[in-house]
Amino acid sequence: MIPGARLIILGRQGAGKGTQCVRLSRHFVVPHISTGDMLRAAVREKTPLGLAARAVMDAGSLVGDDIMVGIVQERLDRDDARTRGYILDGFPRTVPQAVALDAITETRPLTAVIDLDVPRDLVLERLSARRVCRDCGTNYMAKGSERQPWICDVCGGDVMHRDDDTPDAINNRLDLYEEQTEPLVEFYGRTGRLTVVDGVATPDVVFVRLTEAVNKARNR
Ligand code: AMP
């Protein structure tokens, strides 16, 4: 395995993206940059960004492109991302974000853009049961009887039901994904940069598919 890569993982929320990104970031020794995690940290710390983003996130809507591009540009400029690369999870979410990212990465182009494909009805089921570590972002599936919060096996943080995982907010996010984010499949496909990975399988099988897709993209 060669460390380092610059990756984008697209896919509906609930496709297993978060968990796979944590695993991929360890495998390729690159930071996992989740814009959702960054925003949730800002909400917890009550920064001006967090205060502005909270209502938007709770409603399952999207934070403005300019704000998001600014946050990501700043993060990709840090040493770890410049030298080793990164996995972007949750960004870009719109075509204007993708256009801005192309400008940001002009001198260090993306290694691969992967669409982790899972059908809508399946992710609806998964999202209702989803619990997430608020410190490291590891995802868990609730069986219904657990106490809240649980302790994360990976980092010891609190595992919570996300405030925005209510049925209305979930449906809103899935509609929004189809409207705003699915056009990215065409955006990256047009320039031959997209690999679609079938996300309907066990997490271990999907992980192998993802690492193979990254390695193949590297050799292109
Ligand atoms: P996620 O954890 O990726 O599902 O993100 C949680 C919420 O944060 C989303 O529902 C949006 O409100 C917001 N968010 C995260 N990333 C972005 C982005 N790239 N553009 C706009 N809003 C975002």
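Preceding block: the structure.
Residues numbered from 1 in each chain as written. Predicted model: local features only at pLDDT ≥ 70, side-chain atom pairs only at ≥ 80, totals over all residues. Heavy atoms only, no water.

(A) Summary view of the layout of surface pockets. Roughly 870 Å³ of internal volume is contained in the largest pocket. As for the largest pocket, its lining consists of 48 residues, and the residues nearest its centre are Gln 13, Gly 14, Gly 18, Arg 130 and Arg 162. At the level of secondary structure, the elements contributing two or more residues to the lining of the largest pocket comprise α1 (17-27), β2 (32-34), α2 (35-44), α7 (120-128), β5 (130-133), β6 (139-141), α8 (167-181) and α10 (203-218). Sorting elements by how many residues they give to the lining of the largest pocket places α2 first, with 5 residues. Class assignment for the residues of the lining of the largest pocket results in 17 nonpolar, 20 polar and 11 charged. By volume, the second largest pocket is sized at about 460 Å³. Lining the second largest pocket are 18 residues, with Arg 40, Val 43, Arg 44, Arg 54 and Asp 163 positioned closest to its centre. Of all elements in the fold, only α2, α3 (48-58) and β5 reach the threshold of two or more residues within the lining of the second largest pocket. It is α3 that contributes the most residues to the lining of the second largest pocket, 5 residues altogether. When the residues that make up the lining of the second largest pocket are grouped by side-chain class, the tally is 6 nonpolar, 2 polar and 10 charged. (1 Å grid on protein atoms, 1.4 Å probe; cavity = no way out; pocket = protein on both sides within 12 Å on 5 of 7 lines; lining within 4 Å. Points joined across faces, edges and corners; volume = space filled by probe spheres on them. Helix = DSSP H or I, 4+ residues; strand = E, 2+ residues; numbered from the N terminus. Nonpolar A, V, L, I, M, F, W, Y, C, P; charged D, E, K, R; others polar.)

(B) Fine view of the site of the ligand. Taken together, 17 residues form the shell around the ligand, and within it Thr 35, Arg 40, Ser 61, Gly 90 and Gln 97 come nearest. A distance of 3.1 Å separates an oxygen atom of the ligand from a polar side-chain atom of Arg 162. Look at the ligand: alone it shows 480 Å² of surface, and the protein chains cover 97% of it. Counting atoms within 2 Å of the grid points, the majority share of the ligand lands in the largest pocket. When residues in the shell around the ligand are grouped by element, the largest group, 4 residues, is from α2. Here the shell around the ligand is built from residues that sort into 6 nonpolar, 6 polar and 5 charged. (Near = heavy atom within 4 Å. Polar contact = N/O pair within 3.5 Å; in protein donor to acceptor, adjacent residues only side chain to side chain. Areas by Shrake-Rupley, 256 points an atom, 1.4 Å probe, with all protein chains shown as cover. Sits in = over half its atoms within 2 Å of the grid points.)

(C) Up close: the packing of α2 against helix α4 (residues 65-76). Orientation of α2 relative to α4, taken along the N-to-C sense of each, is 100 degrees, at an axis distance of 11 Å. Judged on the interaxial angle alone, α4 and α2 are roughly perpendicular. Touching Thr 35, Met 38 and Leu 39 of α2 are Met 68, Ile 71, Val 72 and Arg 75, all from α4. (Axes fitted to C-alpha atoms, helices over the stretch in contact; angles between N-to-C directions. Parallel < 35°, antiparallel > 145°, perpendicular 65-115°, else oblique. Contact = heavy atoms within 4.5 Å.)

(D) Fine view of empty space enclosed by the protein. Scanning the entire structure with this criterion turns up 1 cavity of 30 Å³ or more. Computed from the structure, the largest cavity encloses a volume of approximately 60 Å³. As for the largest cavity, its lining consists of Ile 9, Leu 10, Gly 11, Gln 13, Lys 17, Gly 90, Pro 92, Arg 93, Tyr 177 and Thr 181. Its residues assigned to classes, the lining of the largest cavity comprises 4 nonpolar, 4 polar and 2 charged.

(E) Structural detail: the pattern of salt bridges. For the structure on display, the rule yields 16 salt bridges. One salt bridge in this structure joins Arg 23 and Asp 204, with 2.9 Å as the shortest N-O distance. Of the two residues, Arg 23 sits in helix α1 while Asp 204 sits in helix α10, which places them 181 residues apart along the sequence. Owing to a relative accessible area of 26%, Arg 23 belongs among the partly exposed residues under this scheme. (Salt bridge = Lys/Arg side-chain N within 4 Å of Asp/Glu carboxyl O. Buried < 20%, exposed > 50% of the residue type's maximum accessible area, 1.4 Å probe, protein only.)

(F) Representation of the sheet that holds β2 within the structure. Spatial strand order, β2-β3-β1-β4-β9: 5 strands in an open sheet with parallel pairing. Of all the strands in the sheet, the pair left with one neighbour each is β2 and β9 (194-198). Taken pair by pair, the neighbouring strands of this sheet meet at an average axis angle of 25 degrees, ignoring direction. With 5 bridges joining them, strand β4 (residues 112-117) and β9 adopt parallel strand pairing. Residue pairing across strands places Leu 116 opposite Val 197, the latter belonging to β9. (Pairing = 2+ DSSP bridges.)

(G) Region of the structure containing the side chain of Thr 105. In this fold, Thr 105 is placed in the loop between α6 (95-104) and β4. With a relative accessible area of 7%, Thr 105 lands in the buried category. Setting aside residues no more than four positions away along its own chain, Thr 105 makes contact with Tyr 86 and Leu 110.

No statement about biological role is implied by the geometric values presented.
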